[in-house]
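# Examination of the molecular architecture
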Amino acid sequence: MVFKVFSRGFSRRQLAKVAAGAALGLPAASARTGEKSVLLGSGQPRGAAGAGFPGGFLWGTATSAFQVEGAVNEDGRGPSIWDAFAHRPGAIVDRSNADRASDHYHRYKDDVALMKAMGARAYRFSIAWPRVFPDGGGEPNPKGLDFYNRLVDECLAHGITPFATLYHWDLPQALQDRVGGWESRDTAKAFGDYAGYVAARLSDRVTNFFTINECGRFVDAGYGGGPDAPGLKLSQDRVNQVRHHVALAHGLAVQAIRAHGRTGTKVGPAENIVVCVPAIETPDNIRAAEIATREMNAGYLTAILEGKYTSAFLAYAGANAPKFTAEDLKIISSPVDYVGINVYTPHYYVTAADDAHGFALLPLPASFPHTSSPWHKIDPAALYWAPRHVAKLWGPKAIYITENGTSSSDQPTADGQVYDLDRIMVLRSYLSQLQRATAEGVPVQGYFLWSLLDNFEWSDGLETRYGLYRVDFETLKRTPKLSVSFYREVIARNAVA
Ligand code: PNW
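Computed from a predicted structure; not experimentally measured. (Residues numbered from 1 in each chain as written. Predicted model: local features only at pLDDT ≥ 70, side-chain atom pairs only at ≥ 80, totals over all residues. Heavy atoms only, no water.)

## Here we look at the overall build of the chain
Counting its secondary structure elements, the chain contains 17 helices and 13 strands. In the chain, which comprises 497 residues, the share counted as buried stands at 59%. Look at the contacts in the chain between residues 6 or more apart in sequence, and 76% of them connect residues 24 or more apart. Surface exposure of the chain reaches about 19200 Å², of which carbon and sulfur atoms provide 53%. (Helix = DSSP H or I, 4+ residues; strand = E, 2+ residues; numbered from the N terminus. Buried < 20%, exposed > 50% of the residue type's maximum accessible area, 1.4 Å probe, protein only. Contact = heavy atoms within 4.5 Å. Areas by Shrake-Rupley, 256 points an atom, 1.4 Å probe, with all protein chains shown as cover.)

As structure tokens, then:
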């Protein structure tokens, strides 16, 4: 049995009903095209029976400023730590840089149209701090914020809800030069001021903000000797202090948004939570994986959501523990409206252990499968356990999956198409596990697929492709990969397709 569903003239409530039908396991045709879906050949949705998401579930895509915008010298933008780093010989695997990237700065209208064509209802983008404050603080650059005014207006005109991330790694170079970047509390303070400035000007149209993207990545990879800007190799005590300042910056931004944003403005972190999967789903291992989640995220998420550093974290850090005050922890744990988590990969497999910690982390076999990015081990269960642990440990009002997706080799075939079947396989299996979580009542309200476009994948450069749309970096032409059809189908059915 296949229903024909036509989108024209549908109210939101009616569309929600279609979604509810999908939740009951009833196959619906594409609400976008009004045509029978080719993916419904068998008349049955794939995945678990009743593989629908809750009504009103928000489907979106995500990008970040430095990775897509280009236009690095336009309209008064100041340099960021990533500009200098991307031009450092040897820093970027494929020797590319992000001077032009996907040219989103000039093509944002086309890109919003691409989202609309998929039926996406939300866009998570980031604001480039050095566009708004070229010097990190002091004099704002109104032309910089204007870009985001235009982008937000374009989204709203197309029924796409904007979600703005305030920091996705492009620290103003001036702050790195002047005070040592995140090594200084001054940077946390400057971030709070910037957040307040943006909230005052955008919150009439942007209701949802995320503070900082992936503290867990950029602190260690940028300051601890990894592959990211600013490319420092600090000792562990200094890295821990950097992390503390980033947590403090998050809290100051939450407070600034409350102070300067319109009533009802919402805010939370967007963190690449360390994902702890029970090796085998026994009650003891599940409990152990919860304990492990709390400890393995102790330097940031746990501090934000509990207002303390766990005793195991402080004992483990020993003399390298960050220096902090009780007042700092109060700021860090300022109440948030939701928790955003980026989920790509399982980080640890956990079993129960009879020791003081209560959990053991198992070594990963060398044969564990991964995507075209070697760090990205594939286990769809990560997208079930990550939000479930967050809900169980901290009971937030809402959770967003702020990123999930995969790179893939993405070579066009002779017909010019990109049949990214590996990406579809990863997305389908991960989404089945997210559906399992929502069906059990884990309060996940939305999902942002990383990424709308091929873009500058940090130190991997332009040739590691995460987009739903392929970008030809010579012509900047966008071509939908097969996964666009897949995601459109998921959105239309509000179910795993
Ligand atoms: C995220 N890991 O990075 C970032 O937020 C994006 O900017 C990036 O393009 C995307 O994921 C794809 O890499 C991550 O090792 C990098 O677990 C590494 C990990 C996770 C996320």
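## Describing the nonpolar core
In terms of nonpolar packing, the biggest core is built from 132 residues, with Trp182 and Tyr447 touching the most fellow members. Within the second largest apolar cluster, 13 residues are counted, among which are Leu58, Ala122, Ala398 and Tyr400. (Core = buried A, V, L, I, M, F, W, Y, C linked by side-chain atoms within 4.5 Å.)

## Thoughts on the layout of surface pockets
The space that makes up the largest pocket amounts to roughly 1300 Å³. Lining the largest pocket are 46 residues, with Gly216, Asp220, Arg243, Val274 and Met296 positioned closest to its centre. At the level of secondary structure, the elements contributing two or more residues to the lining of the largest pocket comprise helix H9 (215-223), helix H10 (236-260), helix H11 (283-296) and helix H13 (311-317). The element best represented in the lining of the largest pocket is H13, accounting for five residues. (1 Å grid on protein atoms, 1.4 Å probe; cavity = no way out; pocket = protein on both sides within 12 Å on 5 of 7 lines; lining within 4 Å. Points joined across faces, edges and corners; volume = space filled by probe spheres on them.)

## A few points about the site of the ligand
Close to the ligand lie 16 residues, the nearest being Gln67, His168, Asn213, Glu457 and Trp458. A distance of 3.2 Å is found between an oxygen atom of the ligand and a side-chain nitrogen or oxygen belonging to Glu214. Within the side chain of His347, a nitrogen or oxygen atom sits 3.3 Å from an oxygen atom of the ligand. Burial of the ligand by the surrounding chains reaches 92%, relative to a free accessible area of 460 Å². Of the pockets mapped on this structure, the ligand occupies the largest pocket. (Near = heavy atom within 4 Å. Polar contact = N/O pair within 3.5 Å; in protein donor to acceptor, adjacent residues only side chain to side chain. Sits in = over half its atoms within 2 Å of the grid points.)

## With respect to the sheet that holds strand E9 (residues 359-362)
Taken in spatial order, the three strands make up an open sheet running E6-E8-E9, and their pairing is mixed. Strand pairing shows two members of the sheet lacking a second neighbour, strand E6 (276-278) and E9, which therefore form its edges. Direction aside, neighbouring strands of the sheet carry axes that sit 45° apart on average. Alignment of E6 against strand E8 (residues 348-352), held across three bridges, turns out to be parallel. Paired with Cys276 across the bridge in E8 is Tyr348. Strand contacts of H11: E6, E8 and E9, with the helix running at about 125° to E8, the strand carrying the most contacts. (Pairing = 2+ DSSP bridges. Axes fitted to C-alpha atoms, helices over the stretch in contact; angles between N-to-C directions.)

## Remarks on the environment of Ala249
Here Ala249 is to be found in helix H10. With 83 residues separating them along the chain, Ala249 and Ile332 place their C-alpha atoms 7.7 Å apart. With sequence-adjacent residues up to four places away left out, Ala249 is seen in contact with Trp182, Ala188, Phe191 and Ile212.

## Observations concerning the packing of H11 against helix H15 (residues 382-394)
Interaxial distance between H11 and H15 falls to 10 Å at its minimum, and their mutual angle equals 80°. By the criterion of interaxial angle, the relationship of H11 to H15 is roughly perpendicular. On H15, the residues touching Ile286, Ala289, Glu290, Thr293 and Arg294 of H11 are Trp385, Arg388, His389, Lys392, Leu393 and Trp394. When grouped by side-chain class, the residues that make up the contact of H11 with H15 number five nonpolar, two polar and four charged. (Parallel < 35°, antiparallel > 145°, perpendicular 65-115°, else oblique. Nonpolar A, V, L, I, M, F, W, Y, C, P; charged D, E, K, R; others polar.)

## Remarks on the pattern of salt bridges
By the definition in use, this model includes 29 salt bridges. Measuring nitrogen to oxygen at the nearest pair gives 2.7 Å for the salt bridge that ties Glu69 to Arg131. With a gap of 62 residues between them, Glu69 in the loop between helix H2 (65-68) and helix H3 (81-86) and Arg131 in helix H5 (residues 129-132) connect regions that are remote in the sequence. With a closest N to O distance of 3.7 Å, Arg493 and Glu489 form a salt bridge. Residue Arg493 and its partner Glu489 are located together in helix H17 (residues 482-493), separated by four residues, close to a single helical turn. Overlapping salt bridges, with partners in common, bring together Asp410, Asp420, Arg423, Asp454, Glu463, Arg465 and Lys481 in one network. (Salt bridge = Lys/Arg side-chain N within 4 Å of Asp/Glu carboxyl O.)

## Points about the side chain of Glu403
In this structure, Glu403 sits in strand E10 (residues 399-404). When its relative accessible area of 4% is taken as the criterion, Glu403 is described as buried. Looking at Glu403, its side chain comes within polar contact range of the side chain of Arg124, at 3.1 Å. Apart from the residues lying within four places of it in its own chain, the contact partners of Glu403 are Arg124, His168, Asn213, Glu214, Ile341, Asn342, Val343, Tyr344, Phe448 and Trp450.

## A word on empty space enclosed by the protein
Applying the stated criterion across every chain yields a total of two cavities of 30 Å³ or more. Its volume calculated, the second largest cavity comes out at about 30 Å³. Lining the second largest cavity are Ala65, Phe66, Glu69, Gly70, Val72, Arg77, Ala98 and Arg131. Classifying every residue of the lining of the second largest cavity by side-chain character gives four nonpolar, one polar and three charged.

## Details of the packing of helix H6 (residues 142-157) against helix H8 (residues 185-202)
Across the interface, H6 lies against H8 with an axial gap of 11 Å and an inter-helix angle of 45°. Relative to H8, the element H6 lies oblique. Classified by chirality, the crossing of H8 by H6 is right-handed. Here Leu145, Tyr148 and Asn149 of H6 come into contact with H8, specifically with Tyr197, Val198, Arg201 and Leu202. Residues of the contact of H6 with H8, tallied by class, amount to five nonpolar, one polar and one charged. (Left-handed = near helix turned anticlockwise from the far one by under 90°.)

What is shown is where atoms sit, not what they do.
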